[in-house]
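Architecture at a glance
Letter by letter, the chains look like this.
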Amino acid sequence: MKLDPRPLALLAAIMLLALPLTGSPSTWLNLTLAGIAMGLIIFVIASGLTLVFGLMDVLNFGHGVFIALGAFMATTVLAAMAPWASSPDVLANLSALAAACLAGMAIAAAVGVVFERVLVRPVYGQHLKQILITMGGMIIGEELIKASWGAQLIPLPMPETLRGIFLLGDVAVEKFRVLAMLVGLAVLITLLVVLNRTKIGLLIRAGVQDREMVEALGYRIKRLFVGVFVAGAALAGLGGVLWGLVQQGVTPQIGAQVNLLLFIVIIIGGLGSTVGCLVGALLVGLVANYVGFLAPKAALFSNIGLMVAILLWRPQGLYPVGAK
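Within each chain, residues carry numbers counting from 1 in the order of the written sequence. Only residues with pLDDT of at least 70 get local features here, since the model is predicted, and only at 80 or more are side-chain atom pairs given and counted; chain-wide, interface and lining totals rely on the full set of residues. The side-chain figures draw on all heavy atoms in the structure; neither hydrogens nor water molecules are used.

The name given to the protein in an unreviewed UniProt entry is Branched-chain amino acid transport system permease protein, and the organism recorded there is Pelomonas aquatica. UniProt positions are given in the numbering used here, feature names are shortened, and annotations may be inferred rather than shown by experiment. As recorded by UniProt, the Sequence similarities (unreviewed entry) comment attached to the protein reads in full: "Belongs to the binding-protein-dependent transport system permease family. LivHM subfamily." Annotation of the protein in UniProt includes, under Subcellular location (unreviewed entry), the sentence "Cell membrane".

So this is what it looks like as structure tokens:
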């Protein structure tokens, strides 16, 4: 299906509109690159949520617990690999970060299996019950995290060589944000390829449209759906590691704090749309940065204002499910 260019034009228009308002091209470029990096990190976190809703029709308000698990697991792994993380060697730093990301994804995926089987499976197709039971699951998850890691903030310092900036003339780009952008693009490409170019993606999409027919052909659609939920949890764990590193610390509430932002993103993008999730995340990241620079007091309301404006223009979001 042909991609609607109007949401992309809106994204470009917001960036161009901000150029004269920020005072100088270098300031604008700094804010834009930081906003894109923030948007791609949000996309990594939200992609799991939009994947689960788009393919399974499950409103998972407990998504935040997977984010928190990924972030806390990263604190444990990076603390255990402190000599690697504090080394001046880039390869050692990237290895420590990769181990933290893999551990965060693994623990989130493992908990995702239990979460789906115990809480989500009994309420398939019942949105109100899904909201209530998954919110309860997140509250229980937070309490278990407090019992395991404590209730206080735990520092999550970046590996040594990922601190600091790249200077490109008057433009300063944080090293970690460059890496985060690459991770976000890798997740986007992987999702699009798997969902649109592989047999597994075809079966999952067919199962959403006609579950009985897919099962009649001999495929176990329940296993596919469990796999989708676990993949969404793993992506949340990966996003939690990245978000925790940006915040330089994690608390048990880190997932709940991000949850509202994630739902704003997927509502803006269109519920269940992968491309919409990306565009929505970039819009949120850019608008938050521009408004935070121009009118700091309005920054807290910028995302909700953006969502209201988008929904007045397109009530179903930028890219409804049929456009994903």
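Moving on to the packing of helix 2 (residues 25–56) against helix 12 (residues 274–294). Structural elements are reduced to axes, namely lines fitted to C-alpha atoms, with helices fitted over the stretch in contact, and the angle between N-to-C directions of any two is expressed from 0 to 180 degrees. For the purposes of this entry, the term helix denotes a DSSP run of H or I that reaches at least four residues, the term strand denotes a run of E that reaches at least two, and both are numbered from the N terminus. With their axes 7 Å apart at the nearest point, helix 2 and helix 12 run at an angle of 140° to one another. By the angle between their directions, the pair helix 2 and helix 12 is classed as oblique. By crossing handedness, the relation of helix 2 to helix 12 is classed as right-handed. Classification convention: Asp, Glu, Lys, Arg as charged; Ala, Val, Leu, Ile, Met, Phe, Trp, Tyr, Cys, Pro as nonpolar; all other residues, Gly among them, as polar. Looking at side-chain class alone, the contact of helix 2 with helix 12 contains 18 nonpolar, nine polar and no charged residues. Any angle between 65 and 115 degrees counts as roughly perpendicular, while under 35 counts as roughly parallel, over 145 as roughly antiparallel, and the rest as oblique. Here a crossing is called left-handed whenever its near helix is offset anticlockwise from the far helix by less than a right angle, and right-handed whenever the offset is clockwise.

Further remarks concern the UniProt feature "transmembrane region" (unreviewed entry) in the protein. Following the UniProt record, one finds the feature "transmembrane region" (unreviewed entry) at residues 33–53, 65–85, 97–119, 131–156, 176–195, 224–246, 258–291 and 298–315. Helix makes up 95% of residues 65–85 and strand makes up 0%, while its end C-alpha atoms are separated by 26 Å.

Ranked by size, the top nonpolar core spans 99 residues in total, and within it I42, W243, I268 and L283 carry the most contacts. The element that contributes the greatest number of residues to this core is helix 2, accounting for 17 residues. When checking whether two residues touch, look at their non-hydrogen atoms; a contact exists if any pair is within 4.5 Å. With near-sequence residues (within four places) excluded, I268 lies in contact with G280, L283, V284, L306, M307, I310, G317 and L318. We define a nonpolar core as any set of buried Ala, Val, Leu, Ile, Met, Phe, Trp, Tyr and Cys residues linked to one another through side-chain atoms lying within 4.5 Å. Throughout, exposure labels follow a simple rule: accessible area from a 1.4 Å probe, protein chains only, divided by the maximum for the residue type, with under 20% read as buried, over 50% as exposed, and the rest as partly exposed.

Quick look at the environment of G70 now. Within the secondary structure, G70 sits in helix 3 (residues 63–80). For the pair G70 and V193, spaced 123 residues apart in the sequence, the C-alpha separation amounts to 25 Å. Beyond its immediate sequence surroundings of up to four residues, G70 is in contact with G104, G237, G240 and V241.

Take the environment of A299 next. By secondary structure assignment, the location of A299 is in helix 13 (residues 299–313). Look at A299 and you get partly exposed, because its relative accessible area is 24%. Counting along the chain gives 13 residues from A299 to L286, while the straight-line C-alpha distance between them is 11 Å. In contact with A299, not counting residues within four places along its chain, are V291 and G292.

Moving on: the pattern of salt bridges. Salt-bridge detection follows one rule: a side-chain nitrogen of Lys or Arg within 4 Å of a carboxyl oxygen of Asp or Glu. Taken as a whole, this structure holds six salt bridges when the rule is applied. R177 serves as the salt-bridge partner of E174, at 3.4 Å between the closest nitrogen and oxygen. Classification of E174 as partly exposed rests on a relative accessible area of 36%. Each of D4, R6 and R314 takes part in a single network of salt bridges with overlapping partners.

Attention shifts here to helix 11 (residues 254–269). Multiplying 1.5 Å by the helix residue count minus one yields the expected span of that helix. For helix 11, spanning 16 residues, the distance from its first C-alpha to its last is 23 Å, which sits close to the expected 22 Å at 1.5 Å a residue. The largest bend in helix 11 amounts to roughly 25° and is located at L260. The element helix 11 is largely enclosed, with a buried count of twelve among its 16 residues. Along helix 11, the residues classified as buried are I254, G255, V258, N259, L261, L262, F263, I264, V265, I266, I268 and G269. Following helix 11 by one or two positions, G270 adopts a phi angle in the positive range, close to 110°. Take the seven residues that end at a residue and the seven that start at it, fit an axis to each, and the angle between those axes is the bend at that residue.

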